[in-house]
Amino acid sequence: LQRTLSIIKPDAVSRNLAGDILAMIQAAGLTVKATKMIQLTRAQAEAFYAVHKERPFYGSLCDFMTSGPVVVSALEGENAIQAYRDLMGATNPANAAEGTIRKRFALDVEKNAVHGSDAPETAAQEIPFFFSALEIV
Ligand code: ATP
Ligand code: MG
């Protein structure tokens, strides 16, 4: 079993879509091991997305990610990282497949409803960024 970090982003939380998205996650066979709603500080968003700091969209992305609450979750399942990325769909919802979270709910390439870890090393950094061992059941 593998774990991955999910973030339901401010665009989706503000539209009351967190429940629908968690239902899609569970229907796909992924188990929610921890979840909480938080509002990121600017410093936290910048640290979380530090890998993108040279990208032209970094400032706007950090503004967006701090614009309202997010729902962060640790998910577990067989091939959880790839399974969740498949469920999320393409970064740009214009390219996202039918049945994916981003096809259903994303607004545009930035306000794209969800984040998921992209590799085992990333998940191993991202889960402890938000959760202590005690918070994961
Ligand atoms: P995530 O990392 O959030 O799971 P991803 O791996 O599909 O998404 P990345 O390339 O890692 O996409 O980009 C991180 C986030 O930055 C995207 O999810 C999106 O919110 C934002 N982003 C990516 N590309 C653009 C862009 N061209 N313009 C604006 N925002 C973008
Ligand atoms: Mg990414």
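The protein chain appears in an unreviewed UniProt entry as Nucleoside diphosphate kinase from Megalodesulfovibrio gigas. As stated in UniProt under Subcellular location (unreviewed entry), the record for the protein chain gives "Cytoplasm". The annotation that UniProt attaches to the protein chain under Subunit (unreviewed entry) is "Homotetramer."

A. Molecular detail of the side chain of Lys 9. Position of Lys 9 among the secondary structure elements: in the loop between β1 (2–8) and α1 (10–13). Buried Lys 9, no salt bridge; nearest opposite-charge side chain is Asp 11, N-O distance 6.7 Å. Those residues in contact with Lys 9 that lie beyond four places of it in its chain are Tyr 49, Phe 64, Met 65, Pro 69, Val 70, Arg 102, Glu 110, Asn 112, Ala 113, Val 114 and His 115.

B. Spatial organisation of the side chain of Glu 126. Tracing the chain through its elements places Glu 126 in helix α7 (residues 120–130). Here Glu 126 sits buried without a salt bridge, and the closest side chain of opposite charge, Arg 85, lies 7.5 Å off (N-O distance). Not counting the four nearest positions on each side in its chain, Glu 126 is found in contact with Leu 5, Phe 48, His 115 and Ser 117.

C. Quick look at helix α5 (residues 80–88). What α5 keeps buried is the set Ala 80, Ile 81, Tyr 84, Leu 87 and Met 88. In an axial view of α5, the angular spread of the buried residues amounts to 130°, which keeps them on one side of the axis. On its buried face, α5 is in contact with β1, α2 (18–27), β3 (70–77), α6 (101–105), β4 (114–116) and α7. Immediately beyond the C-terminal end of α5, within one or two residues, lies Gly 89, with a positive phi of roughly 90°.

D. Structural view of the nonpolar core. With 20 residues, the main nonpolar core has Ile 8, Ile 21, Ile 25, Tyr 84, Ile 101, Phe 105 and Val 114 as its most contacted residues. Secondary-structure elements contributing two or more residues to this core are α1, α2, β3, α5 and α6. Ranked by residues supplied to this core, first place goes to α2 with five residues. Excluding anything up to four places from it in sequence, Ile 25 contacts Ser 6, Leu 30, Leu 75, Tyr 84, Leu 87 and Ile 101.

E. Local environment of the confidence of the model for the protein chain. For the protein chain, the mean per-residue pLDDT works out to 98, and 100% of the residues sit at or above 70. Interface confidence in the predicted complex, given as ipTM, is 0.94; pTM for the same model is 0.97.

F. Fine view of the UniProt feature "active site" (unreviewed entry) in the protein chain. In the numbering used here, UniProt assigns the feature "active site" (unreviewed entry) to His 115. Classification of His 115 as buried rests on a relative accessible area of 11%. Among all residues touching His 115, those that are not within four sequence positions of it are Leu 5, Ser 6, Ile 7, Lys 9, Phe 48, Tyr 49, Tyr 84, Met 88, Arg 102 and Glu 126.

G. Region of interest: the pairing of β1. The element β1 is extensively covered by neighbouring structure, given that five of its seven residues are classed as buried. Both β1 and β3 contribute to a ladder of seven bridges, which runs antiparallel. Its bridge partner lying in β3, Ser 6 is registered against Ser 73. The pairing of β1 with β4 spans three bridges and is classified as antiparallel. Of the residues in β4, the one forming a bridge with Ile 8 is Val 114.

Criteria and cut-off values
- Residues numbered from 1 in each chain as written.
- Chains lettered and ligands numbered in written order.
- Predicted model: local features only at pLDDT ≥ 70, side-chain atom pairs only at ≥ 80, totals over all residues.
- Heavy atoms only, no water.
- UniProt positions renumbered as here; feature names shortened; annotations may be inferred.
- Helix = DSSP H or I, 4+ residues; strand = E, 2+ residues; numbered from the N terminus.
- Buried < 20%, exposed > 50% of the residue type's maximum accessible area, 1.4 Å probe, protein only.
- Lys, Arg positive; Asp, Glu negative; His and termini not counted.
- Salt bridge = Lys/Arg side-chain N within 4 Å of Asp/Glu carboxyl O.
- Contact = heavy atoms within 4.5 Å.
- Arc of directions from axis to C-beta.
- Core = buried A, V, L, I, M, F, W, Y, C linked by side-chain atoms within 4.5 Å.
- pLDDT = per-residue confidence, 0-100.
- Pairing = 2+ DSSP bridges.

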